[in-house]
Amino acid sequence: MPPRGVKKGTKRARQYEKIKASEKRQGRSEGRAEEIAARTVNKERARAGEAKESSRTSTRDMSSGRRGGLRGSGARSERGRTKEQLYNEAKQMGLDGRSKMNKQQLQRAVDRRK
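On a predicted model such as this, the values are computed, not experimentally measured, just so you know.

Bringing the overall build of the protein into the picture now. For the protein, the helix and strand inventory stands at five helices and zero strands. The helix and strand sequence of the protein, counted from the amino end, reads α-α-α-α-α. When each of the 114 residues of the protein is scored for burial, the buried share is 20%. With the model as given, the accessible surface of the protein reaches about 9,300 Å², and the carbon-plus-sulfur share is 46%.

See below:
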């Protein structure tokens, strides 16, 4: 029996049966052969990006790694400059004490100078 989420007659079900038969020919027990076959099929499904079960979310939903800053509604929220960017601006302006400032202090100092 193929792992959960794999329907009979599909490519993954055939792959499962083939691997299971191969493992049995190599002398593995029935249970061990099923375990190896299921694990291999699940790895292949993950590599191919196939969902374990049909997604309940939008078909446009994408993983966080590919989202690139899009959150929730899909709108990009402006968060301002990073502390490093503010520090570099302060350095270019010649502000003293910038290495001891936190992000808010750097923001205020740079904005005052502009």
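Next comes the rest of the write-up.
So, about the side chain of Arg12. Here Arg12 is to be found in helix 1 (residues 11-25). A polar contact is formed between the side chain of Arg12 and the side chain of Gln15, at a distance of 3.0 Å. Excluding its chain neighbours within four sequence positions, the residues that come into contact with Arg12 are Val6, Val41, Glu44, Arg45, Ala48 and Glu50.

Below, the discussion takes up helix 2 (residues 30-48). Taking 1.5 Å per residue as the helical rise, helix 2 with its 19 residues ought to reach 27 Å, and the 27 Å between its terminal C-alpha atoms agrees with that figure. Among all positions of helix 2, only Ala33, Ile36, Ala37, Ala38, Val41 and Arg45 are buried. In this structure, the buried residues of helix 2 make contact with helix 1. Backbone geometry just after helix 2 places Gly49 at a positive phi near 80°.

Axis separation between helix 4 (residues 83-93) and helix 5 (residues 103-113) bottoms out at 9 Å; the angle between their running directions is 40°. Between helix 4 and helix 5, the interaxial angle falls into the category oblique. Of the two possible hands of crossing, helix 4 and helix 5 adopt the one that is left-handed. From helix 4, Lys83, Leu86, Tyr87, Glu89, Ala90 and Met93 reach across to helix 5, where they touch Lys103, Leu106, Gln107, Val110 and Arg113. Partitioning the contact of helix 4 with helix 5 into residue classes produces six nonpolar, one polar and four charged.

Glancing now at the pattern of salt bridges. Scanning the entire structure with this criterion turns up eight salt bridges. A salt bridge links Arg32 to Glu35; the nearest nitrogen and oxygen atoms lie 3.1 Å apart. Pair noted here: Arg32 and Glu35 are both in helix 2, with a separation of three residues, about one helical turn. Overall, the relative accessible area of 41% leaves Glu35 in the partly exposed class. In this structure, Arg39 and Glu35 form a salt bridge, with 2.8 Å as the shortest nitrogen-oxygen distance. Placement of the pair is Arg39 and Glu35 together in helix 2, with a separation of four residues, close to one helical turn. What you see here is one network of salt bridges that share partners, running through Lys20, Lys24, Glu30 and Glu34.

Conventions we followed
Residues numbered from 1 in each chain as written. Predicted model: local features only at pLDDT ≥ 70, side-chain atom pairs only at ≥ 80, totals over all residues. Heavy atoms only, no water. Helix = DSSP H or I, 4+ residues; strand = E, 2+ residues; numbered from the N terminus. Buried < 20%, exposed > 50% of the residue type's maximum accessible area, 1.4 Å probe, protein only. Areas by Shrake-Rupley, 256 points an atom, 1.4 Å probe, with all protein chains shown as cover. Polar contact = N/O pair within 3.5 Å; in protein donor to acceptor, adjacent residues only side chain to side chain. Contact = heavy atoms within 4.5 Å. Expected span 1.5 Å × (residues − 1). Axes fitted to C-alpha atoms, helices over the stretch in contact; angles between N-to-C directions. Parallel < 35°, antiparallel > 145°, perpendicular 65-115°, else oblique. Left-handed = near helix turned anticlockwise from the far one by under 90°. Nonpolar A, V, L, I, M, F, W, Y, C, P; charged D, E, K, R; others polar. Salt bridge = Lys/Arg side-chain N within 4 Å of Asp/Glu carboxyl O.

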